[in-house]
Amino acid sequence: MTSEEIKQLHETYVMPTYAPGLALVRGEGTRVWDAEGRDYLDFVAGIAVAGVGHCHPRLVEAIREQAGRLMHVSNLYFNDRQPELARALSLRSLGGKCFFCNSGAEANEALIKLARKWGAEQGRYEVVSFRNSFHGRTLATLTATGQDKVKLGFDPLPEGFVLADLNDLGSVEAALTGRTAAVLIEAVQGEGGVQAAAAEFLAGLRRLCDERGILLLCDEVQCGMGRTGEWFGYQTAGITPDAISVAKGMGGGFPIGGICAGPDLSDVLGVGSHATTFGGTPLACAAALAVMEIIEKENLLKNARVMGERLRQGMAPLVNKYDWVEGVRGQGLINGLVLSRPAFSLQRMAEEKGLLVLATANTVIRLVPPLTVTEREIDQAVRTLHEVCAEMEPIREEAGA
Ligand code: PLP
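Remember, it's a predicted structure, so these values are computed and weren't measured experimentally.

Moving on, we come to the sheet that holds strand E14 (residues 334-339). Judged by pairing direction, the sheet is antiparallel, and its 4 strands sit side by side in the order E13-E14-E17-E16 without closing on themselves. Unpaired on one side and paired on the other, strand E13 (325-331) and strand E16 (358-360) mark the two borders of the sheet. This sheet shows a mean twist of 25 degrees between the axes of neighbouring strands, independent of strand direction. Looking at chain direction, E16 and strand E17 (residues 364-367) are connected through 3 bridges and run antiparallel. Within E17, the residue paired with Ala359 across the bridge is Ile365. On the sheet, helix H10 (residues 300-315) packs against E13, E14 and E17 and is oriented at approximately 175 degrees with respect to E13. On top of the sheet, helix H12 (residues 344-352) reaches E14, E16 and E17; it is set at about 175 degrees to E16, its chief contact.

So, on to the environment of Gly95. For Gly95, the position within the fold is in the loop between helix H4 (81-92) and strand E4 (98-101). According to the relative accessible area criterion, Gly95 is exposed, its value standing at 51%. Placed 165 residues apart in sequence, Gly95 and Cys260 show a C-alpha to C-alpha distance of 8.3 Å. Those residues in contact with Gly95 that sit more than four places away from it in its chain are Ser90, Ala261 and Pro263.

Applying the stated criterion across every chain, the model contains 3 aromatic pairs. Pairing Phe130 with Phe201 gives two aromatic rings, centres 5.8 Å apart and planes at 85 degrees, and the pair type is edge-to-face. One end of the pair, Phe130, is in strand E5 (residues 126-130); the other, Phe201, is in helix H8 (residues 199-212), and 71 residues separate them in sequence. Per residue, the accessibility class of Phe130 equals that of Phe201, and both read buried. Aromatic pair Phe232 and Tyr234: ring centres 6.2 Å apart, planes at 5 degrees, arrangement stacked. Geometry around Trp33 places Arg26 over its ring, the cationic atom sitting 3.9 Å from the centre. Stacked on the ring of Trp324, the Lys or Arg Arg341 has its end atom at 4.5 Å from the ring centre.

Glancing now at the packing of helix H3 (residues 57-67) against helix H9 (residues 282-297). Between H3 and H9, the least distance of the axes is 9 Å, while the angle of their chain directions is 155 degrees. Viewed along their axes, H3 and H9 adopt a mutual orientation that is roughly antiparallel. Of the two elements, H3 crosses H9, and the hand of that crossing is right-handed. Here Arg58, Leu59, Ala62, Ile63, Gln66 and Ala67 of H3 lie close against H9, whose contacting residues are Pro282, Leu283, Ala286, Ala287, Ala290, Val291, Glu293 and Ile294.

Time to look at H9. Across its 16 residues, H9 extends 22 Å between first and last C-alpha, which sits within 8% of the 22 Å expected from 1.5 Å per residue. When you tally the buried positions in H9, you get 13 out of 16 residues, the bulk of the element. Backbone geometry just after H9 places Asn299 at a positive phi near 55 degrees.

The next point concerns the sheet that holds strand E12 (residues 257-261). Here we have 7 strands laid out as an open sheet, ordered E4-E12-E11-E10-E7-E5-E6, and mixed in their pairing. This sheet does not close on itself; its edge strands, each paired only once, are E4 and strand E6 (161-164). Direction aside, neighbouring strands of the sheet carry axes that sit 20 degrees apart on average. Pairing of E4 with E12 involves 4 bridges; the strand directions are antiparallel. What sits directly across from Cys98, in E12, is Cys260. Of the strands in this sheet, E4, E5, E6, strand E7 (180-185), strand E10 (215-219), strand E11 (243-246) and E12 touch helix H5 (residues 104-119), which is tilted by about 160 degrees from E11.

Now for the environment of His386. Note that His386 resides in helix H13 (residues 375-400). According to the relative accessible area criterion, His386 is partly exposed, its value standing at 22%. When sequence neighbours within four positions are dropped, the list of residues in contact with His386 reads Gly314, Pro317, Leu318 and Tyr322.

Taken together, 13 residues lie around the ligand, and Gly104, Ala105, Asp219, Gln222 and Lys248 are the ones closest in. Contact between the ligand and Gln222: an oxygen atom at 2.7 Å from a side-chain N or O atom of the residue. When residues in the shell around the ligand are grouped by element, the largest group, 3 residues, is from H5. Residue composition of the shell around the ligand, by class: 3 nonpolar, 6 polar and 4 charged.

Bringing the domain arrangement of the protein chain into the picture now. Each domain of the protein chain was delimited in the assignment, giving domain 1 (3-55 + 299-392) and domain 2 (58-297). Relative to domain 2, the C-alpha centre of domain 1 lies at a distance of 25 Å. Taken together, the contacts link 28 residues of domain 1 with 28 residues of domain 2. Overall, the association of domain 1 and domain 2 removes approximately 2300 Å² of surface from exposure, summing both partners, and the carbon and sulfur fraction of that is 58%.

Definitions and cut-offs
Residues numbered from 1 in each chain as written. Predicted model: local features only at pLDDT ≥ 70, side-chain atom pairs only at ≥ 80, totals over all residues. Heavy atoms only, no water. Pairing = 2+ DSSP bridges. Helix = DSSP H or I, 4+ residues; strand = E, 2+ residues; numbered from the N terminus. Axes fitted to C-alpha atoms, helices over the stretch in contact; angles between N-to-C directions. Contact = heavy atoms within 4.5 Å. Buried < 20%, exposed > 50% of the residue type's maximum accessible area, 1.4 Å probe, protein only. Phe/Tyr/Trp six-rings, centres within 6.5 Å; stacked < 30°, edge-to-face > 60°. Lys NZ or Arg CZ within 6 Å of the ring centre and 35° of its normal. Parallel < 35°, antiparallel > 145°, perpendicular 65-115°, else oblique. Left-handed = near helix turned anticlockwise from the far one by under 90°. Expected span 1.5 Å × (residues − 1). Near = heavy atom within 4 Å. Polar contact = N/O pair within 3.5 Å; in protein donor to acceptor, adjacent residues only side chain to side chain. Nonpolar A, V, L, I, M, F, W, Y, C, P; charged D, E, K, R; others polar. Domains from an automatic or database assignment. Buried area = accessible area lost by both parts, 1.4 Å probe.

What follows is the structure, encoded as structure tokens:
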């Protein structure tokens, strides 16, 4: 099918909840190809999903092998891959137990349910989250999300959610009540424009939660699984949350999400309290195990740190060169080029030059390439961004005229 044919078919039969652009049909490493065979350097990576690159041979092999052996048996039965994955995650995170589901929103639902179940006896059920955060599109997670646009038209929203300001401990203190069960935070807000929670703020939050006897929950859906250069974003700040949610990069493109709890919370969700048909299938777990093996064998945490630094350094001169480029921020391979103008036209122009990037929070270009990205690919992306910025300036003058 041509791109046009794919588009027509899509528009006829798929609900218009997205506004896709290119029709992509193949991927390898940091490259994807459209239906006409044009290739693109992919610094979107399925929005921080293809952490080990597209179609990594080891991941493909692991999925093929497991698909030919056993895909799904239901959680009425043990399967060999699920506890192996839980152990692998536990050893790299909080040392407790895990629950598996299929997406980031579902993982955050599970975190919220965990907090409510934990707090029920004390009458604690409220969750404090942050302005500009993003936690998913289910009713509970969109209510926890600190962005009005995801809530429009979905009233009445569930009760028990309160917003505070990121990096402002006073605003969190003001939001806490005797009903608060937990504070939910992204170590780096991805959808919110690559805004990091400051290390001192996270340390302060941990202290505050301890003092008040409430839980600290980290949404690691976007910034987890190696993206910041550590396994999980909270580790860059040296704090220990009570539980975390993961998804996106976890299966490298195969859908899987989950939560990992510290030992104290590991048995809060008991038999019958939470479930999902596809949670932790042998196939999804085999994919996630392969992703973790690849991250370790190929030293991708270090690569994320080194390549991230190279990318930020490459973009830094743009700040002095153009008055509408406000800054470069990020950690590891979750980075943002912050503009003072809508970022979408830069996204479109980069795409025309063969580089996929993502406009987010209106004025930020988000760059979340695979953790396998090479020096050469970083340099190519940086060159393209410089070219695009050079072509953008006259548009600004026209727009400002
Ligand atoms: N949490 C964060 C931090 C996210 O970035 C996202 C998705 O972008 C989600 C949760 C929701 O994940 P999903 O789209 O898999 O439901």
